[in-house]
Amino acid sequence: MSAFDDLYDANTRFAEKFGDSGLTGRAGRGLAVVTCMDSRIDPLGLLGLKPGDAKILRNAGARVTDDVLRTLVLAVYLLGVERVLVMPHTDCGMSKVTDPDVHALTQERGVDTRSLEFHTVPDQSEALRHDLTRIRTSPFLPEGMPIAGAIYDVRTGRLTPAAF
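Anyway, here's the lowdown on the structure attached to this text. (Residues numbered from 1 in each chain as written. Predicted model: local features only at pLDDT ≥ 70, side-chain atom pairs only at ≥ 80, totals over all residues. Heavy atoms only, no water.)

Before going further, it helps to spend a moment on the pairing of strand β1 (residues 31-36). A regular strand places its side chains so that they alternate between the two faces of the sheet. Within β1, 6 of the 6 residues are buried, which leaves it mostly tucked inside the rest of the structure. Alignment of β1 against strand β2 (residues 54-59), held across 6 bridges, turns out to be parallel. Paired with Val33 across the two strands is Ile56, which belongs to β2. Where β1 and strand β3 (residues 83-87) come together, 5 bridges link them in parallel fashion. Bridge pairing in β3 links Val34 to Val86. (Buried < 20%, exposed > 50% of the residue type's maximum accessible area, 1.4 Å probe, protein only. Helix = DSSP H or I, 4+ residues; strand = E, 2+ residues; numbered from the N terminus. Pairing = 2+ DSSP bridges.)

On to unusual backbone geometry. Here the phi dihedral of Ala62 falls at roughly 60 degrees; this positive angle occurs in a residue that is not glycine. Tracing the backbone through its elements, the reader meets Ala62 in the loop between β2 and α3 (66-78). The phi dihedral of His119 falls on the positive side, at around 55 degrees, and the residue is not glycine. With respect to the helices, strands and loops of the structure, His119 is situated in the loop between α4 (99-107) and α5 (124-136). Owing to a relative accessible area of 25%, His119 belongs among the partly exposed residues under this scheme.

Turning our attention to α5. Taking 1.5 Å of rise per residue, 13 residues should cover 18 Å, and α5 covers 18 Å from first to last C-alpha, within 8% of that figure. Listed as buried for α5 are Ala127, Leu128, Asp131, Leu132 and Ile135. Down the axis of α5, the sector holding all buried residues measures 130 degrees, keeping them to one side. For α5, the secondary structure elements touched by its buried residues are α3, β3 and β4 (147-152). Sitting at the amino-terminal end of α5 is Asp123, which places a side-chain oxygen 3.1 Å from the backbone nitrogen of Ser125. (Expected span 1.5 Å × (residues − 1). Arc of directions from axis to C-beta. Contact = heavy atoms within 4.5 Å. Polar contact = N/O pair within 3.5 Å; in protein donor to acceptor, adjacent residues only side chain to side chain.)

Moving on: the pattern of salt bridges. Tallying each qualifying case throughout the model produces 11 salt bridges. For Asp91, the salt bridge is made with Arg40, and the minimal N-O distance between the two is 2.8 Å. Here Asp91, found in the loop between β3 and α4, pairs with Arg40, found in the loop between β1 and α2 (43-46); they are 51 residues apart in sequence, far enough to count as distant. Asp91 gets classed as partly exposed once you look at its relative accessible area, which sits at 29%. (Salt bridge = Lys/Arg side-chain N within 4 Å of Asp/Glu carboxyl O.)

This paragraph deals with the packing of aromatic side chains. This structure, assessed with the given rule, holds 1 aromatic pair. Lying over the aromatic face of Phe164, Arg129 brings its terminal NZ or CZ to 4.1 Å of the ring centre. (Phe/Tyr/Trp six-rings, centres within 6.5 Å; stacked < 30°, edge-to-face > 60°. Lys NZ or Arg CZ within 6 Å of the ring centre and 35° of its normal.)

Bringing the environment of Pro88 into the picture now. When you line up the elements, Pro88 lands in the loop between β3 and α4. The exposure class of Pro88 is buried, given its relative accessible area of 5%. Dropping the residues within four chain positions of it, Pro88 is found in contact with Gly61, Ala62, Gln124, Leu128, Ala150, Ile151 and Tyr152.

The analysis is restricted to geometry; functional conclusions fall outside its scope.
Okay, structure coming up:
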């Protein structure tokens with residue numbers, strides 16, 4: 001038995017019921033969502049979307065990193081994205097540590113991560129403001145493209161739009 005047999009078995013059951021979805025890979029509703037990798041977040045469900053409606057970009061803290069910008073450029077010019085929602089959440093683990101904390105934790109196990117930036121979130125509102133500005137001012141994305149931010153509450157399921 002491997003550590004992944006449960007997943008492969010589940011996929012076998014899934015595939016037995018899977019039909020040709022006919023999806024093209026384009027964002028059917030022209031949307032990209034940048035959100036956290038937290039497993040409490042169901043981005044499609046909480047936004048009333050279905051598979052094929054949006055491009056979902058997930059990472060620790062829902063941060064707009066260089067790789068997220070690269071992916072947004074591809075999504076806009078190749079995959080039909082016309083608007084972006086950046087959606088961090090309450091009770092995020094990335095808001096409970098700092099980069100030095102993470103470096104110290106890994107160093108305790110003999111792993112030197114000082115060459116990595118973890119983009120921890122000491123102030124969630126400021127991080128969201130920064131990330132929205134980063135997208136809005138990117139020379140690689142269309143000027144005036146609709147960009148919004150909202151914080152998802154993992155306790156209530158409600159989304160609170162950012163006022164900036």
